[in-house]
Amino acid sequence: MTGTTRVDTGRAGRPDPGCCLPGAGAAPAVVRMLRRAPLTVGSVPLLWVIGAVTGSLWRGPSRELRAAIGAGPGPLRDGHWWSLFTSATWCPGLASYVVNSIAIVALLPVAERRLGSLRTAGLLGVVQVVGTLAGLGLVALITIGGGRWADHLQVAVAVGPGAALVGTLLAASAGLAALWRRRLRLVLLAVLAMLALYSGLLGDVLRLAAGVFGLVLGMLTLGRLRPGGRRDQVIGTPSRPEARVLVALLVAASALGPLIAAWAQTRVGPLSVLRFVFASPPPDALTVEQICAGAGTDRGALRECAELQARLRLSGLGPGLMSAMPVVLLLIAAEGLRRGRRAAWLAAFGLNLGLAALGLALAAHTASVPMEQRIILGAVVHLHAWLLLALPALQPLLVAVVLVAARGRFDVRAPVGTYRAWARVAAGALAGVSVLFVGGSLLVAHGYDRPPGLLMLLGDLPVRFLPPVYLGEVEPTFLPVSGVATILYEWTGLVFWIVVGAGALVSFTRSRLRDPEPDQRRVRELLEDTSGSSLSFMTTWPGHTYWFTPDGAAVVAYRVIGGVAVTTGDPVGKPAARERAVRGFVEHCHAHGWTPCLYSVGAEVEAIARGLGWSTVQVAEETVLPLPGLAFTGKKWQDVRTALNKAEKAGMVAEWCSYRTAPLAVTDQIRALSEEWVADKGLPEMGFTLGGLEELDDDEVRLLIAVDADRTVHGVTSWLPVRCDGEIVGWTLDFMRRRSDGFKGVMEFLIASAALRCKDEGVEFLSLSGAPLARLDRGEPIGGLQKLLDAAGRRLEPVYGFRSLLAFKAKFQPVYRPLYMAYPDPTALPAIGNAIGRAYLPRLSARQATRLARAVLR
């Protein structure tokens, strides 16, 4: 039921057995793709054909061809003006061809669907030419200052369609909704900036320039044009949850920048030196050999030789993972920032300040030690080495400034005792790995080049928890030479930091929830005095937390799972307070850093959610049986009449009872029927909006059982009350179980009997409840998410039979009412899906999960 509990009439019908098929086959899908995005479909083959014809697929264009068609300062000076166009039609190598093809297919349709193919093609050309010119102009400015980066850019030649693609996408972002517009621009610009500043190749600079040009061009010419020619209103400041996401994305992007430089084959960007704060700079073997060969008897040279040899021996997997731990910790802090956690803000702020300080310390040390300059900056002379090395420290400082400016957005606190528990776990991990390192190393002392004693191990212990970059500044007293000693030496600190990071991540998911028991009485009072949907009584079931409107006129029942607050149906209370309840609940979720999800809501709440700019999708089909004028006459009621007649001949009777007051013989049989059903499935009973035995134990829940002359229970149904203005106007079917060897038409008999008896009582309707992941085909176009849910319903059909259940309910000629899920952010769908799955199957064991996966994938 949706909205008010009064039922209006509607056309009843049977669901089409093929209602949930995912649409046409592969060939029509290709045709649709050709019609919607012909430019995208044509660009990828064209790129590969040109590469194949010129023999450029494997290693890119030859040197001669690259000089003729590539973009760069040199070709432009030589008068190759056509390179502004032609550089976009080749790629540097096979990997680049694959990556660019994927990027074209994934990103270009975004622009093509909003601007049209011709406008998109023109935009690609303009962005490619002007963006490349702007990038080359930026290179000219960079070369004025001189240095290694400028020298590299002067002689470089770039090819690839990336500049045109990102510039066009940023231009087309003007037509996106505010949520996606902000995120797309922030992520793309941050990635482009990180690549240019850390990797620093000519292609990176050109892509950044083209991206900025495309962004400005889109803002000036396209404005905020939406499909249909309508222009958006001016965008205000982002909401609190959106600001949290944007800051989290910025922190994550800034953390990944140094890794980009560390992993890039060529890293000449102005901030590339900052990678040494994360990754120890191991010299190549030839450099070490040259330094050691010329050391002779000089003490300083011998010390440098020993230090470099130690660095070479500490460049394995363990030190590599340990080097990435600062990045991992920043990413964990970014996840906490997304959830609005105050502790995550403190962690991110402290880490960025620490990285800035370490960057300055690295600059001071490197500028004063010629050997370090040789390793980090190369063998040439650097007149301004200190300035060159200190500049990268500005990036984490700027991130820290952004965090300070946005600090008011991060006010969510964990439950009391969360961080004390985390500190205890971290302390236990510290003690455990320390004992293991010291004790294990004493046992395998022969595995080190110099067997260490207890005092040596204790003195070296603190160093085990530092990233390898700092080990080069500490002269090792001993080094591992055996496998076991290497594991102890390299993995002690890594294990500790993994525990610390995992504990922090878990702490960021803990939520402060109020005790629901005092609120349950208020919920029942609202149910008894006001109105609700056909699912409203389910809000009294265990596992819910409640949010009331300030005036107490309405309540929203929800469960917080994995940072997602999933509601159970519509708000309960006065209909006039429904919209206020939805909006207030959303603000309540934002204040706690949760993602709100309105689940199994009716048309009225779905419309409210759409008014908030949310997305919605149908998740179930409710079937409602109006009772006034009900008569099982005519051909369409043949199955129901047959069940009633056969039951009468078999001596079957339907009896109302309560689970609490029913005789023990009856409750034992009901329990046995339920256990038999669970055993046959081999899977646990689903919960959430599907009740089990525990939910029967309520005085307001009515049971209708089918018994024969021997008092054998052949089937049982439970019915939940539905009220409007405090009066019971309907009953909702919930629990259904039948004896496997009992009367065959027992469910039809029980539902028909309930309908006739409730009609005599003056009840307006029966809700046969909602069938999850099943729906009536209304002949309307559906989106990709709806198709995915339809496919999931088909896969789960052999296990839970939701579509068969919907087809069974069609025997009663019901009115069909869709139930929806409303969500604010499509990027949260994986978390929402996980939360709903855990709500339905909270006690799913590993064995049952395996069995379910086999059934789904069969």
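Since the structure is predicted, the reported quantities are computational estimates derived from the model, not experimental observations.

About the thresholds
Residues numbered from 1 in each chain as written. Predicted model: local features only at pLDDT ≥ 70, side-chain atom pairs only at ≥ 80, totals over all residues. Heavy atoms only, no water. Helix = DSSP H or I, 4+ residues; strand = E, 2+ residues; numbered from the N terminus. Buried < 20%, exposed > 50% of the residue type's maximum accessible area, 1.4 Å probe, protein only. Contact = heavy atoms within 4.5 Å. Areas by Shrake-Rupley, 256 points an atom, 1.4 Å probe, with all protein chains shown as cover. pLDDT = per-residue confidence, 0-100. Core = buried A, V, L, I, M, F, W, Y, C linked by side-chain atoms within 4.5 Å. Lys, Arg positive; Asp, Glu negative; His and termini not counted. Salt bridge = Lys/Arg side-chain N within 4 Å of Asp/Glu carboxyl O. Polar contact = N/O pair within 3.5 Å; in protein donor to acceptor, adjacent residues only side chain to side chain. Axes fitted to C-alpha atoms, helices over the stretch in contact; angles between N-to-C directions. Parallel < 35°, antiparallel > 145°, perpendicular 65-115°, else oblique. Nonpolar A, V, L, I, M, F, W, Y, C, P; charged D, E, K, R; others polar. Phe/Tyr/Trp six-rings, centres within 6.5 Å; stacked < 30°, edge-to-face > 60°. Lys NZ or Arg CZ within 6 Å of the ring centre and 35° of its normal. Pairing = 2+ DSSP bridges. Right-handed = clockwise from strand over helix to strand, strands pointing away. Arc of directions from axis to C-beta. Expected span 1.5 Å × (residues − 1). Patch = residues over 30% accessible without salt bridge, like charges linked within 9 Å, V, L, I, M, F, W, Y side chains within 5 Å.

Participant: Explain the overall build of the protein to me, please; I cannot follow it from the model alone.
Facilitator: Helix and strand counts for the protein come out as 34 helices and 12 strands. Going through the 858 residues of the protein one by one, you find that 52% of them count as buried. Within the protein, contacts between residues separated by at least 24 positions form 77% of all contacts whose residues are at least 6 apart in sequence. Looking at the protein as shown, the accessible area adds up to about 38600 Å², and 62% of this sits on carbon and sulfur atoms.

Participant: Please clarify how the confidence of the model for the protein should be interpreted in this entry.
Facilitator: A low pLDDT means the predicted coordinates there should not be read in detail. Per-residue confidence for the protein averages 81 on the pLDDT scale, and 81% of its residues sit at or above 70. For residues 1–27, every residue scores under 50 in pLDDT, and the model assigns this stretch 76 contacts once sequence neighbours within four places are set aside.

Participant: Would you explain the nonpolar core in this entry?
Facilitator: Nonpolar side chains in soluble globular proteins tend to end up buried together. Core analysis: the largest hydrophobic core is formed by 31 residues, its most contacted members being Phe 749, Leu 766 and Phe 812. When residues of this core are traced back to their parent elements, those giving at least two are helix H27 (638–649), strand E8 (702–707), strand E10 (727–738), helix H30 (746–760) and strand E11 (765–772). With nine residues, the single largest contributor to this core is H30. When sequence neighbours within four positions are dropped, the list of residues in contact with Leu 766 reads Thr 623, Val 624, Leu 625, Leu 627, Trp 719, Trp 731, Ile 751, Ala 754, Ala 755 and Cys 758.

Participant: Sorry, what's going on with the side chain of Asp 570 here?
Facilitator: Following the sequence through the fold, Asp 570 ends up in the loop between strand E3 (564–567) and strand E4 (572–573). Despite being buried, Asp 570 has no salt bridge partner; Arg 578 is the closest side chain of opposite charge, sitting 5.5 Å away. At 3.0 Å, the side chain of Asp 570 and the backbone nitrogen of Gly 602 are in polar contact.

Participant: How do you make sense of the packing of H27 against H30 when you look at a structure like this?
Facilitator: What describes two packed helices is the angle between their axes and the distance between those same axes. The geometry of H27 relative to H30 is characterised by a closest axis approach of 8 Å and an angle of 100° between their N-to-C directions. By the angle class used here, H27 and H30 are roughly perpendicular. Between H27 and H30, the residues in contact are Val 640, Ala 643, Leu 644 and Ala 647 and Glu 748, Phe 749, Ala 752 and Ser 753, respectively. Residue classes in the contact of H27 with H30 are distributed as six nonpolar, one polar and one charged.

Participant: Would you take a moment to explain the packing of aromatic side chains for this structure?
Facilitator: Two measures describe an aromatic ring pair: the distance that separates the ring centres and the angle between the ring planes. Counting across every chain of the model gives 15 aromatic pairs. Ring geometry for Trp 81 versus Trp 82: centroids 5.8 Å apart, planes at 75°, classification edge-to-face. Ring geometry for Phe 808 and Phe 812: centres 6.0 Å apart, planes at 75°, overall edge-to-face. Ring pairing ties together the aromatic residues Tyr 448, Phe 478 and Tyr 489, which thus form one cluster. In this structure, Arg 464 is placed above the aromatic ring of Tyr 489, and the distance from its NZ or CZ to the ring centre is 3.8 Å.

Participant: Is there a simple way to explain the pattern of salt bridges in this structure?
Facilitator: Close approach of charged atoms lets side chains of opposite charge pair. Summed over all chains, the structure comprises 23 salt bridges. A salt bridge links Arg 610 to Glu 606, with the nearest nitrogen and oxygen atoms 2.9 Å apart. Placement of the pair is Arg 610 and Glu 606 together in helix H26 (residues 603–611), with a separation of four residues, close to one helical turn. Between Asp 790 and Arg 775 there is a salt bridge; the shortest N-O distance is 2.7 Å. Of this pair, Asp 790 sits in helix H31 (residues 784–800) while Arg 775 sits in the loop between E11 and H31, and the two are 15 residues apart along the sequence. In this structure Asp 790 comes out as buried when scored by relative accessible area, which is 2%. Because the salt bridges share partners, they merge into one network encompassing Arg 524, Asp 698, Glu 700 and Arg 723.

Participant: I keep staring at the pairing of E11 and nothing clicks. Help me out?
Facilitator: One face of the sheet, then the other: side chains in a regular strand alternate in exactly this way. Counting buried positions along E11 gives eight out of eight residues, so the element sits mostly inside the fold. As defined by bridge partners, strand E6 (residues 615–626) adjoins E11 across six bridges and the pair is classed as antiparallel. Opposite Pro 626, over in E11, you have Phe 765 as the bridge partner. Where E10 and E11 come together, three bridges link them in parallel fashion. By the bridge assignment for E11, Trp 731 is matched with Leu 766. Since E10 and E11 lie parallel, the crossover through H30 that links them has a hand, and here it is right-handed.

Participant: What am I meant to see in unusual backbone geometry here?
Facilitator: Glycine aside, residues mostly have negative phi, and peptide bonds are mostly found in the trans state. A positive phi is found at Ser 769, a non-glycine position, where the angle reads about 70°. Looking at the secondary structure, you find Ser 769 in strand E11. The backbone of Gln 813 sits at a positive phi, close to 50°, despite the residue not being glycine. Relative to the assigned elements, Gln 813 resides in the loop between helix H32 (802–809) and strand E12 (815–823). Residue Gln 813 is classed as buried on the basis of its relative accessible area, which comes to 15%.

Participant: Even after reading the chapter, I still don't get the side chain of Ser 441, so can you show me in this structure?
Facilitator: Considering the arrangement of structural elements, one finds Ser 441 in helix H21 (residues 418–443). The contacts of Ser 441, once residues within four sequence positions are left out, are Leu 436, Tyr 448, Leu 457 and Leu 488.

Participant: Even after reading the chapter, I still don't get the environment of Phe 508, so can you show me in this structure?
Facilitator: Position of Phe 508 among the secondary structure elements: in helix H23 (residues 483–509). Owing to a relative accessible area of 4%, Phe 508 belongs among the buried residues under this scheme. Sequence separation between Phe 508 and Gly 562 is 54 residues, and the spatial gap between their C-alpha atoms is 9.9 Å. Once residues within four sequence positions are removed from consideration, Phe 508 is found in contact with Ile 332, Ala 333, Gly 336, Arg 339, Arg 341, Ala 343, Ala 344 and Tyr 419.

Participant: Mind showing me how you'd approach H26 here?
Facilitator: Residues spaced three or four apart along an α-helix point in a common direction, a consequence of the helix completing one turn every 3.6 residues. Where H26 is concerned, the buried positions are Val 605, Glu 606, Ile 608 and Ala 609. Angular distribution of buried residues about the axis of H26 spans 160°; they occupy a single face of the element. Buried residues along H26 sit in contact with helix H25 (578–592), strand E5 (595–601), E6 and E12. Gly 613 occupies a position one or two residues after H26 and carries a positive phi of about 85°.

Participant: Just to check I follow, could you spell out helix H20 (residues 394–405) for this structure?
Facilitator: For H20, spanning 12 residues, the distance from its first C-alpha to its last is 17 Å, which sits close to the expected 16 Å at 1.5 Å a residue. For H20, the set of buried residues is Gln 395, Pro 396, Val 399, Ala 400 and Leu 403. For H20, the arc enclosing every buried residue in end-on projection is 140°, short of the 170-degree limit, so these residues lie on one face. Of the residues in H20, the exposed ones pointing more than 90 degrees away from the buried face are Leu 398, Val 401 and Ala 405.

Participant: Honestly, the pairing of strand E1 (residues 545–548) in this entry has me stumped. Any pointers?
Facilitator: Along E1, one buried face is formed by Thr 545 and Trp 547 and the opposite face, lined by Tyr 546 and Phe 548, is buried too. The antiparallel hairpin formed by E1 and strand E2 (residues 554–561) contains five residues in its connecting segment, where Gly 552 sits at a positive phi of about 75°.

Participant: Sorry if this is basic, but what is going on with the environment of Trp 731 here?
Facilitator: As for its placement among the helices and strands, Trp 731 is situated in strand E10. Spatially, the C-alpha atom of Trp 731 lies 9.5 Å from that of Ala 755, the residues being 24 residues apart in sequence. Setting aside its immediate chain neighbours within four residues, Trp 731 contacts Glu 700, Arg 702, Trp 719, Leu 720, Pro 721, Val 722, Cys 758, Val 763, Phe 765, Leu 766 and Ser 767.

Participant: How should a nonpolar patch on the surface be read in this particular structure?
Facilitator: Together, Trp 58, Leu 94, Val 98 and Ile 102 make up a nonpolar patch on the protein surface, roughly 410 Å² of accessible area in all. Look at Val 98 and you get partly exposed, because its relative accessible area is 37%.

Participant: Looking at this structure, I do not really get the packing of H31 against H32. What am I missing?
Facilitator: The contact between H31 and H32 brings their axes to 6 Å, and the two run at 80°. What the angle tells us is that H31 and H32 run roughly perpendicular. Contacts between H31 and H32 pair Gly 793, Arg 794, Glu 797 and Tyr 800 from the former with Phe 802, Arg 803 and Ser 804 from the latter. In terms of residue class, the contact of H31 with H32 is made up of two nonpolar, two polar and three charged.

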